[in-house]
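For reference, the chains in residue letters:
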Amino acid sequence: MRKLLLIAVAGAAAELIDGTLGMGFGVTASTVLIVLAGLGPAQASAIVHTAELGTTLASGVSHWKFGNVDWGVVLRLGVPGAIGAFLGATLLSHMSTAVAAPVTAGILCVLGVVLVAKFARGASAPPPMKQPYNPVFLAVLGVCGGFIDASGGGGWGPVTSSTLMSLGRTEPRRVIGAVNTAEFLVTLAATLGFALGMWHDLVANAVAVAGLLLGGVIAAPLAAWLVSRVNPFLLGGVVGTSLVFLNSPKVLALMEFSDRTVLGIRLLILLVGLSLSVVGVWRSTRRGVVGGPTAGEREPAMATA
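Just so it is clear, the model here is predicted, and its values are computed rather than measured. (Residues numbered from 1 in each chain as written. Predicted model: local features only at pLDDT ≥ 70, side-chain atom pairs only at ≥ 80, totals over all residues. Heavy atoms only, no water.)

Participant: I'd like to hear about the overall build of the chain, residue by residue, with values.
Facilitator: The helix and strand inventory of the chain stands at eleven helices and zero strands. In the chain, the order of α-helices and β-strands from amino to carboxyl end is α-α-α-α-α-α-α-α-α-α-α. The proportion of buried residues among the 305 residues of the chain is 51%. Once local pairs closer than 6 in sequence are excluded, the contacts in the chain between residues at least 24 apart make up 86%. (Helix = DSSP H or I, 4+ residues; strand = E, 2+ residues; numbered from the N terminus. Buried < 20%, exposed > 50% of the residue type's maximum accessible area, 1.4 Å probe, protein only. Contact = heavy atoms within 4.5 Å.)

Now the structure itself:
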């Protein structure tokens, strides 16, 4: 019961972050499941992706109804993304916990650094130039994003959305719509990979999937309320800092640092991360970026990462 409660809290926390920032459900839920609920990396990623089957489908349908979907980008990004996700899920399913834990922690730390760097800029996305994407570029991005998403328990949104937004080659809303719609294919492939590799574990954690969904559903209205009141640059920086802070011990353990050194490094991570978060808020205020990133950098409240 205690573990189920923690998983429900993980779903609520992930939805609060994702509903406010438009990214971070996967990486946040996976981190909480691994660090607080004591689940293995493969179990955590399998639970997160199974729970996301429903949320990504709803998100894709919603974007389609609002005319935010470029189906050409969806297929060119989503199909390679599904291949990468299946490979990542299959690899993670057959890795021992001792090997998978530091690898997953390292991926989550990198994603945390990316989020901190992104929101420390304190600026909105560049104006769209409405130029088509190179199909090969989309394929490579999709494979990388899908692999990282499955093997790290999340990361599709931060990797693909941030990359496409930085190029500014199409309308922001269509980038968000394409990425979220393609994510259903990625989630489906990742779940299939986990089902083939660890079906019994997935069935055994069916209640955990329900708990994650329950927590997310309960938190959704609060996330919608927070999105207009919390500075996204501050929250984005805090999320990234938390990911690095929580996952760094497993990475630092490989370097055989003393406990005192590890503590010092983690405190430094906390100090630098929170300082950059404040810098992001200050920069956004100076540049007049009201409410943080534009609609192009922030996904709708119902979108998942």
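Once the structure has been displayed, the description carries forward.
Participant: Would you mind going over the UniProt feature "transmembrane region" (unreviewed entry) in the chain in detail, with residue names and values included?
Facilitator: With numbering matched to this structure, UniProt assigns "transmembrane region" (unreviewed entry) to residues 24–48, 69–92, 98–120, 175–196, 202–226, 233–255 and 261–282. The span residues 69–92 is 92% helical and 0% strand by assignment, and the distance between its end C-alpha atoms comes to 31 Å. When the span residues 261–282 is considered, its composition is 100% helix and 0% strand, and the gap between its end C-alpha atoms is 31 Å. (UniProt positions renumbered as here; feature names shortened; annotations may be inferred.)

Participant: Before we move on, can you summarise a nonpolar patch on the surface with the specific residues and values?
Facilitator: On the surface, Leu 75, Val 79, Ile 83, Leu 87, Leu 91 and Phe 147 cluster together into a nonpolar patch covering about 530 Å² of accessible area. Take Ile 83: it is sitting in helix H4 (residues 71–93). (Patch = residues over 30% accessible without salt bridge, like charges linked within 9 Å, V, L, I, M, F, W, Y side chains within 5 Å. Areas by Shrake-Rupley, 256 points an atom, 1.4 Å probe, with all protein chains shown as cover. Salt bridge = Lys/Arg side-chain N within 4 Å of Asp/Glu carboxyl O.)

Participant: Provide a residue-level description of the nonpolar core, including the pertinent values.
Facilitator: With 40 residues, the main nonpolar core has Leu 77, Leu 164 and Phe 194 as its most contacted residues. At the level of secondary structure, the elements contributing two or more residues to this core comprise helix H3 (41–65), H4, helix H5 (97–120), helix H6 (135–152), helix H7 (156–167), helix H8 (172–204) and helix H10 (232–253). (Core = buried A, V, L, I, M, F, W, Y, C linked by side-chain atoms within 4.5 Å.)

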